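Working through the structure, step by step
Below are the chains, spelled out letter by letter.
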Amino acid sequence: MAFNHFNKSCLEFGAKEGPIRCIFFCEFHPTAGPIISAQVPENYISKELFDSISVYIITKAELQRSTITVTLQEYKILGFPVRIDDKKYARNAFHFNLCFVCDSDARTVQYESVVTKFSDYLMAMEMESNFLSGGKSNTKLKPILYQVMEELNTKGECALTEGPTATHLKVCRIRCDPAPVMDHQVPVFIKELPEQQWDLTTQQVTPYIDGFNHVARIAALSDVENNLVKACIQNLVYYGVVALVPLFQYGNVYCTTPKLKILAQDVELQRKCLQYVAQNAETVTNFKRCFSNIFSYDEGNNNKRFMHTF
């Protein structure tokens, strides 16, 4: 049995995303030591298994309020140990850890912020009304744990309200960094630039993203250093605002595929096509003209040549 634990998020490249298999709440009992007070499903993590890893779950002071992952042969356990100092508790402190359990080969980095926020929510309830240390944590917590696991697995988010305390949990998907941007690539908007306070470089670069200018040309037109333009466009690709296409060489030959007939038959797709190629709402043309102008037939080589008309 091998243990890996760390207090920093790491991207688990190549790992799959999987559901939460179990959520359990454990605490340090003043006489019994580390124990699981509540878990769903019941007995998913056995007492024997928990005892063998409890030193990594109920941790020393150096790892308090740090994301900790314990990888076992069959499970990966993600937790966020918390300690509340107060003289009302035995030994003047209350230690607990709220843990998510996934498959051992699953990617869990997307749950780190959820575990942290959920733990802070439980800590707030404990400080407000002794919600966790009152001796009935199993009865009170199990419905909450079940709700969180069910809704995060099915919807990716969950709203909790307990008395005056409320919180909203949401799984944030962590994307991998896009490939490096090359000088010859052409950025194309695939959705409108969200209205938010973008950095100065993005504000200076985006007016020159028109579907025709390649990266090197955008850098020259915007008077922004080439590497900064690449970093800016890579950031826009990461957020799904732009896509990158190769610079079209007008002498190249492009062949259509049988899927072209879908465009000729699908009215809704035709409408979207006309909106996409139009420079503005006033210049939307009819589909027949658009379809006939996109491609011209070259009888010399029986290929379709791309006409750069939009």
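Residues numbered from 1 in each chain as written. Predicted model: local features only at pLDDT ≥ 70, side-chain atom pairs only at ≥ 80, totals over all residues. Heavy atoms only, no water.

Under an unreviewed UniProt entry, the protein chain has the name Nitrogen permease regulator 2-like protein and belongs to Aromia moschata.

**What about the overall build of the protein chain?**
The condition is simple: Secondary structure elements follow DSSP: runs of H or I of four or more residues count as helices, runs of E of two or more count as strands, with numbering from the N terminus. The classification of residues rests on relative accessible area computed with a 1.4 Å probe and restricted to protein chains. Under 20% of the type maximum is buried, over 50% is exposed, and intermediate values are partly exposed. Residue contacts are counted whenever heavy atoms from the two residues lie within 4.5 Å of one another. The accessible surface values rely on the Shrake-Rupley method and a 1.4 Å probe; as for residues, cover is taken only from the protein chains in view.
Within the protein chain, the secondary structure is distributed over nine helices and 14 strands. In the protein chain, which comprises 310 residues, the share counted as buried stands at 37%. The long-range share in the protein chain, meaning contacts at least 24 apart out of those at least 6 apart in sequence, stands at 61%. Of the accessible surface of the protein chain, which amounts to about 18000 Å², a share of 53% is contributed by carbon and sulfur atoms.

**Quick notes on helix α1 (residues 47–57)**
Our working rule: When we speak of the arc, we mean the arc of directions from the helix axis to the C-beta atoms.
Taken together, the buried positions of α1 are occupied by L49, F50, I53, S54 and I57. Mapping the buried residues of α1 onto a view down its axis gives an arc of 155 degrees, with all of them on the same face. Exposed residues on α1 whose side chains face more than 90 degrees from its buried face are E48 and V55. Taken together, the buried residues of α1 touch β2 (22–29), β3 (33–40), β4 (68–71), β5 (75–79) and β7 (93–103).

**As for the state of the cysteines**
Note on terminology: a disulfide is the covalent bond linking the sulfur atoms of two cysteines. Where we set the bar: Disulfide assignment relies on a single distance test, namely cysteine sulfur atoms paired within 2.5 Å.
Following the criterion strictly, the structure yields zero disulfides and no others. You can see C22 has no disulfide; the closest cysteine sulfur is in C99, sitting 9.1 Å from it.

**Section: unusual backbone geometry**
Cis geometry marks the peptide bond from V40 to P41; its omega dihedral reads -10 degrees. Along the polypeptide, P41 turns up in the loop between β3 and α1. The phi dihedral of N43 falls on the positive side, at around 60 degrees, and the residue is not glycine. Locating N43 in the fold gives a position in the loop between β3 and α1. You can call N43 exposed: its relative accessible area is 58%. Unusually for a residue other than glycine, D223 sits at a positive phi of about 60 degrees. Take D223: it is sitting in the loop between α5 (215–222) and α6 (226–238). On the basis of relative accessibility, which here comes to 68%, the residue D223 falls in the exposed class.

**What about helix α8 (residues 267–277)?**
Helical geometry note: an α-helix holds 3.6 residues per turn, so side chains three or four residues apart project in the same direction. What counts, and what does not: For the purposes of these results, a polar contact is taken to be a pair of N or O atoms within 3.5 Å, where, inside protein, one atom must be able to donate a hydrogen and its partner to accept one; residues adjacent in sequence count only when each atom of the pair is a side-chain atom.
Residues of α8 that are buried: Q270, C273 and L274. In a view along the axis of α8, the buried residues occupy a sector of 95 degrees, so they form one face of it. Backbone nitrogen of E268 and a side-chain oxygen of the N-cap are separated by 3.1 Å at the start of α8; the cap is D266.

**Some details on the environment of F287**
Relative to the elements of secondary structure, F287 occurs in helix α9 (residues 287–294). Judged by its relative accessible area of 16%, F287 is buried. Apart from residues lying up to four places away in sequence, F287 is in contact with L263, A264, Q270 and L274.

**Re the nonpolar core**
The criterion, for reference: Among buried residues, those of type Ala, Val, Leu, Ile, Met, Phe, Trp, Tyr and Cys that are joined through side-chain atoms within 4.5 Å constitute a nonpolar core.
I23, F100, F118, L122, V148 and L152 are the most contacted members of the largest nonpolar core, which has 35 residues in total. Listing elements by their share of this core, those giving two or more residues are β2, β3, β6 (82–85), β7, α2 (112–129), α3 (137–154) and β9 (157–162). Not counting residues up to four positions away in its chain, the partners in contact with I23 are A38, Q39, V40, L98, C99, F100, L145, V148 and M149. Membership of the second largest hydrophobic core comes to 16 residues, among which are C26, I45, L49 and I58.

**Brief notes about the pattern of salt bridges**
Oppositely charged side chains can form a pair if their charged atoms are brought close together. Short version of the rule: Note on definitions: salt bridges are taken to be side-chain nitrogens of Lys or Arg within 4 Å of carboxyl oxygens of Asp or Glu.
Counted under the stated rule, the structure contains eight salt bridges. The salt bridge partner of D85 is R83, with a shortest N-O separation of 2.6 Å.

**Observations regarding the pairing of β6**
Short version of the rule: Pairing between strands requires that DSSP locate at least two bridges from one strand to the other.
Judged by which residues are buried, β6 turns out to be one-sided: V82 and I84 face inward and are buried, whereas R83 and D85, on the alternate face, are not. Relative to β7, β6 is paired through four bridges, and the arrangement is antiparallel. Looking at the pairing, D85 lines up with A93 of β7.

**Quick look at the confidence of the model for the protein chain**
In regions of low pLDDT, the predicted coordinates are not meant to be interpreted in detail. The cut-off we apply is this: How sure the predictor is of each residue is captured by pLDDT, a score from 0 to 100.
Confidence in the prediction of the protein chain, expressed as mean pLDDT, is 82, and 84% of residues score 70 or more. Taken element by element, the protein chain is modelled with least confidence in strand β14 (residues 303–306), mean pLDDT 40, and with most confidence in β5, mean pLDDT 95. Residue range residues 1–11 is modelled with pLDDT below 50. Its contacts to residues more than four positions away, or to other chains, number 32 contacts. Confidence drops under a pLDDT of 50 for residues 296–310, and excluding neighbours within four residues, the segment shows 36 contacts in the predicted structure.

**Describing the packing of aromatic side chains**
Definition in use: Any two rings among Phe, Tyr and Trp, with Trp reduced to its six-membered ring, count as a pair given centres within 6.5 Å; such a pair is stacked if its planes are under 30 degrees apart, edge-to-face if over 60, and tilted if neither. Whether a charge sits over a ring comes down to the Lys NZ or Arg CZ being within 6 Å of the ring centre and within 35 degrees of the ring normal.
Taken as a whole, this structure holds seven aromatic pairs when the rule is applied. Taking 6.1 Å as the distance between ring centres and 70 degrees as the angle between the ring planes, the aromatic pair formed by F100 and Y111 counts as edge-to-face. Residue F100 is found in strand β7, and its partner Y111 is found in the loop between β8 (106–107) and α2; the two are separated by 11 residues along the sequence. Judged by relative accessible area, which is 0%, F100 ranks as buried. Grouped by ring-pair contacts, the aromatic residues F25, Y89, F94 and F96 constitute a single cluster. The ring of F131 carries the charged tip of K140 above its face, separated from the ring centre by 4.6 Å.

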